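# Residue-level structure breakdown
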Amino acid sequence: MVLVTVQLAPSEATLEQAMRQLGLTEDEVDTDYGLVPLMPEQGLYAVRVEEEAGRRVSPPAGGPFTDPPIEPYGPPH
């Protein structure tokens, strides 16, 4: 999976609208990840998609960007 960014009007900031704008199907999108606001005041959001879909929609979408797992660093406290 990779991340892509999408520009949406605040009134249209839904995962469904992002999918429509980018031409993506539910099978290509991580719906559990959802639509993540990056700079909502500027209408910029992130969507997690299958790698092939990320290549297909960029540009005009920003990305694709890698989505590495986030893990703790060092021994547990």
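Heads up: these notes are all about the structure in this document. (Residues numbered from 1 in each chain as written. Predicted model: local features only at pLDDT ≥ 70, side-chain atom pairs only at ≥ 80, totals over all residues. Heavy atoms only, no water.)

## Comments concerning helix 1 (residues 15–22)
Test applied: Working definition: with a 1.4 Å probe on protein chains only, accessible area under 20% of the residue-type maximum means buried, over 50% means exposed, and in between means partly exposed. Strands are runs of DSSP state E lasting at least 2 residues, helices are runs of H or I lasting at least 4, and numbering of each runs from the N terminus. Contacts are assigned to residue pairs with any non-hydrogen atoms lying within 4.5 Å of each other.
Those residues of helix 1 not exposed but buried are L15, Q17, A18, M19 and L22. The secondary structure elements touched by the buried residues of helix 1 are strand 1 (2–7), strand 2 (35–39), strand 3 (44–49) and helix 2 (51–57). A positive phi of about 70° marks G23, the residue just after helix 1.

## Digging into the pattern of salt bridges
What counts here: Counted as salt bridges are all cases of a side-chain nitrogen of Lys or Arg within 4 Å of a carboxyl oxygen of Asp or Glu.
Scanning the model with the defined rule gives five salt bridges in all. As a salt-bridge pair, D30 and R48 come within 2.7 Å of each other at their nearest N and O atoms. Of this pair, D30 sits in the loop between helix 1 and strand 2 while R48 is found in strand 3, placing the two residues 18 residues apart along the sequence. The salt bridge partner of E51 is R55, with a shortest N-O separation of 3.2 Å.

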